[in-house]
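Each chain is listed here by its residues.
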Amino acid sequence: MNRILIVEDEQRLSAFLERGLRSSGYTTTVVGDGVAGASVASDDDFDLLILDMGLPGKDGLDVLREIRERGERLPVIILTARSEASDRVSGLEAGADDYIGKPFHFEELLARIRARLRKDPASEDQAVLRVGRIVLDPRTHWVTADGSTVELSAREFELLRTFLEHPDQVLSREQLLSRVWGFGYDPGSNVVDVYVGYLRRKLGSAHFTTVRGVGYRFTP
Ligand code: CA
């Protein structure tokens, strides 16, 4: 059963959402402020987040940035009275998947929730990645470069996978830390640099460019 987190401070609206979603077969949790919302929103506990923008404690946009920064990938649908195009753009840029302006029809929200949940993240996570000369198979933990097997440790594998999912993008040390080593890892650690060094040795240093003061870019 899909678990939906609702971060919304208007109690009448959150009660309405809970009733509707529960009768549609979802389990729901409601949180009424941004600080609590940001701390409980995690991929392990929820499959989707419905997020209000105007929230006490912490603005919805900041909640969204915080959880994406932490590496949470659950789909987020913003639900808000702010319907200016610029609000919509900043919401999507901060990592939202969809955006519904208030007032809205419950059926429309439901349709969008279903569309987001249909993309099964578990199966997406298992897709073979082919980027340039490198092929990575998450199911078998098999990596090849130009057809030759490359032996990688579990961390090296996850780090490479993160790079392959974002070719040509600059990834910060913090992003790589939170994705590969998990939330709570010491941000002052040089473990990312050490492991990028390992990948360079095994796959060729030309793939991994250091972006000074920021992090690394993988180039196929
Ligand atoms: Ca509100």
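Scoring rules and cut-offs
Residues numbered from 1 in each chain as written. Predicted model: local features only at pLDDT ≥ 70, side-chain atom pairs only at ≥ 80, totals over all residues. Heavy atoms only, no water. Pairing = 2+ DSSP bridges. Helix = DSSP H or I, 4+ residues; strand = E, 2+ residues; numbered from the N terminus. Axes fitted to C-alpha atoms, helices over the stretch in contact; angles between N-to-C directions. Buried < 20%, exposed > 50% of the residue type's maximum accessible area, 1.4 Å probe, protein only. Donors = N, O, S within 2.8 Å, 3.2 Å for Na, K, Ca; no water. Contact = heavy atoms within 4.5 Å. Salt bridge = Lys/Arg side-chain N within 4 Å of Asp/Glu carboxyl O. Phe/Tyr/Trp six-rings, centres within 6.5 Å; stacked < 30°, edge-to-face > 60°.

## A closer look at the sheet that holds strand β4 (residues 76–80)
One open sheet holds the 5 strands; their spatial order is β2-β1-β3-β4-β5, and the pairing between them is parallel. A strand with exactly one partner marks an edge of an open sheet, and here the two such strands are β2 (27–31) and β5 (98–101). Each strand of the sheet is rotated relative to its neighbour by a mean of 20 degrees, with strand direction disregarded. Bridge count between strand β1 (residues 3–7) and β2: 5 bridges; the pairing is parallel. Looking across to β2, one finds that Arg-3 is bridged to Thr-27.

## Some thoughts on the pairing of strand β8 (residues 142–145)
In this structure, strand β7 (residues 134–137) lies alongside β8, joined through 4 bridges in antiparallel fashion. Counted as the bridge partner of Val-135 is Thr-144 from β8. What sits between β7 and β8 in their antiparallel hairpin is a turn of 4 residues, with His-141 showing a positive phi close to 60 degrees. Pairing of β8 with strand β9 (residues 148–149), which is carried by 2 bridges, proceeds in the antiparallel orientation. Bridge pairing in β9 places Ala-145 opposite Ser-148. If you look at the hairpin formed by β8 and β9, you'll find 2 residues sitting between the two strands, and Asp-146 has a positive phi there, around 50 degrees.

## Looking at the environment of Ser-23
The residue Ser-23 is located in helix α1 (residues 11–23) in this model. With a relative accessible area of 65%, Ser-23 lands in the exposed category.

## So, the coordination of the calcium ion
Note on the calcium ion: its protein donors are Asp-9 (OD), Asp-52 (OD) and Gly-54 (O). The metal-donor distances range over 2.1 to 2.4 Å. Expressed as a motif, the donor residue spacing for the calcium ion is D-x42-D-x1-G. Linking Asp-9 in the loop between β1 and α1 with Asp-52 in strand β3 (residues 48–52), this pair joins segments that are 43 residues apart in sequence.

## Looking at the sheet that holds strand β12 (residues 215–218)
Read across the open sheet, the 3 strands follow the order β10-β12-β11; overall the sheet is antiparallel. Two strands close off the open sheet at either side, each with one partner strand: β10 (170–172) and β11 (208–211). Strand-to-strand twist in this sheet, taken as the mean axis angle between neighbours without regard to direction, amounts to 30 degrees. Running at roughly 65 degrees to β12, helix α7 (residues 154–165) makes contact with β10, β11 and β12 of the sheet. Each of β10 and β12 is contacted by helix α8 (residues 173–181), which is oriented at about 70 degrees to β10, the strand it contacts most.

## Here's the deal with the pattern of salt bridges
Taken as a whole and judged by the stated rule, the model has 16 salt bridges. With a closest N to O distance of 3.2 Å, Asp-47 and Arg-3 form a salt bridge. Of the two residues, Asp-47 sits in the loop between α2 (34–40) and β3 while Arg-3 sits in strand β1, which places them 44 residues apart along the sequence. On the accessibility criterion, Asp-47 (22% relative accessible area) is partly exposed. As a salt-bridge pair, Lys-102 and Glu-10 come within 3.3 Å of each other at their nearest N and O atoms. On the criterion of sequence distance, the pair formed by Lys-102 in the loop between β5 and α5 (106–118) and Glu-10 in the loop between β1 and α1 is long-range, its members being 92 residues apart. Judged by relative accessible area, Lys-102 falls into the buried class, the value being 18%.

## Topic: α8
Of the positions making up α8, those classed as buried are Leu-176, Leu-177, Ser-178, Val-180 and Trp-181. Looking at the packing, one finds that the buried side of α8 touches α3 (60–69), α7, β10, α9 (191–203) and β12.

## Some remarks on the packing of aromatic side chains
Across all of its chains, the model carries 5 aromatic pairs by this definition. Taking the centre distance of 5.7 Å and the plane angle of 75 degrees together, the rings of Phe-16 and Phe-106 count as edge-to-face. Placement of the pair is Phe-16 in helix α1 and Phe-106 in helix α5, with a sequence separation of 90 residues. Its relative accessible area of 34% is what places Phe-16 among the partly exposed residues. With 5.3 Å between their ring centres and 65 degrees between their planes, Phe-163 and Phe-208 make a pair best called edge-to-face.

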